Amino acid sequence: DKSEFLAVLKFLLVTVIILPVLPNQEYTQFKLNPTRVWQIVIMVSTIGFIGYFLIKKFGSKVGLWLSGLLGGIASSTAVTVATARIAKKSPEKCGDALQASILASSVMYLRILVLIWLINPIFVSHLWWKMVILSIVGAVMVVSIKSKHITAESSEVTSIQNPFEIRPAMMFGIFFVGLSVITILTNNIFGSTGLIALSAITGVTDIDPFILSLVQQSTSVENIFVSAIIMAAMSNTIMKGIYFTVISKQLRRETTIRYGIWALAHLPLIFIA
């Protein structure tokens, strides 16, 4: 609609104005490069907007499954909360809602892999097969859920925020810089144990800023960084299971079992180099 078009236009204008005037050099001991940070914000917003646009364009027409698939490109956490609310409001759709939630999270692993490849491709050879395995595990969980055919009219997932709005883009940039600093401090002071603990904590919310801050500052791949990425994904998976269970209680047992198995699937991948 018109408001969304204006938001995209405003974001692009701000991007054109801001990016050329930002200094392209590293500052402080944390090696913060303003140009690099803003480029990552633009990249994440662009990929998020693809999912946002597709779900707005097609999601309400083909039901929760496609909403979950496309929504995972934008924000799997937002999809989980939105579908849980649908399940709470319409209990007959709880199976479809849970499928959409898990499907969005399955897509999340592939989205993160693409972002890592764009920012620091040296990590891809160490991560791609782990991310693919975890995505496949999610897909298996989806097909194991019995669901009923639903009409598209009431299946729309609308709570995903336009990633081309200035506020979420700026907030991502702030989180990205903050987590870059915290990650380096944690690693320097507490070593690998502290980094793993931090990755578990960041999983409570959106894990993109943490993972991207981790890979963009690395000139070589260390096993602890790869383990931290998988740990963050596991923590995020656990939290999304909790979100769905708390909001929608109709499928509490099914949700707990599937998200629990999915979380456990991360454990061997954390320790395998």
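Described below are features of the structure shown in this document. Just so it is clear, the structure is predicted and the values come from calculations on it, not from any experiment.

Examining the overall build of the protein chain
- Scanning the protein chain for helices and strands turns up 10 helices and zero strands.
- Counting helices and strands in the order they occur from the N terminus, the protein chain gives α-α-α-α-α-α-α-α-α-α.
- Sorting the 273 residues of the protein chain into buried and exposed places 51% on the buried side.
- Of the accessible surface of the protein chain, which amounts to about 13000 Å², a share of 68% is contributed by carbon and sulfur atoms.

Re the packing of helix α8 (residues 208-216) against helix α9 (residues 223-247)
- Interhelical geometry of α8 versus α9 gives an angle of 170° and a closest axis separation of 10 Å. In this view, α8 runs roughly antiparallel relative to α9, as classed from their interaxial angle. Taken together, the residues of α9 that come into contact with α8 (itself represented by Phe210, Ile211, Leu214 and Val215) are Phe225, Ala228, Ile229 and Ala232.
- When its residues are assigned to classes, the contact of α8 with α9 shows eight nonpolar, no polar and no charged.

Side note on unusual backbone geometry
- Phi is positive for threonine 28, which is not a glycine, with a value near 60°.
- In this structure, threonine 28 sits in the loop between α1 (2-21) and α2 (34-62).
- Under the relative-accessibility criterion, threonine 28 is labelled exposed at 56%.

Things to note about the environment of valine 143
- Structurally, the position occupied by valine 143 is in helix α6 (residues 124-143).
- Sequence separation between valine 143 and glutamine 99 is 44 residues; the distance between their C-alpha atoms is 7.8 Å.

Things to note about α9
- Here α9 contains 25 residues, and its C-alpha end-to-end distance of 36 Å stays within 8% of the 36 Å for a straight helix at 1.5 Å per residue.
- For α9, the tally of buried residues reaches 19 of 25 residues, placing the bulk of the element in the interior.

Some words on the side chain of threonine 83
- Following the sequence through the fold, threonine 83 ends up in helix α4 (residues 76-89).
- Given the relative accessible area of 0%, threonine 83 is considered buried.

Quick notes on the rules
- Residues numbered from 1 in each chain as written.
- Predicted model: local features only at pLDDT ≥ 70, side-chain atom pairs only at ≥ 80, totals over all residues.
- Heavy atoms only, no water.
- Helix = DSSP H or I, 4+ residues; strand = E, 2+ residues; numbered from the N terminus.
- Buried < 20%, exposed > 50% of the residue type's maximum accessible area, 1.4 Å probe, protein only.
- Areas by Shrake-Rupley, 256 points an atom, 1.4 Å probe, with all protein chains shown as cover.
- Axes fitted to C-alpha atoms, helices over the stretch in contact; angles between N-to-C directions.
- Parallel < 35°, antiparallel > 145°, perpendicular 65-115°, else oblique.
- Contact = heavy atoms within 4.5 Å.
- Nonpolar A, V, L, I, M, F, W, Y, C, P; charged D, E, K, R; others polar.
- Expected span 1.5 Å × (residues − 1).

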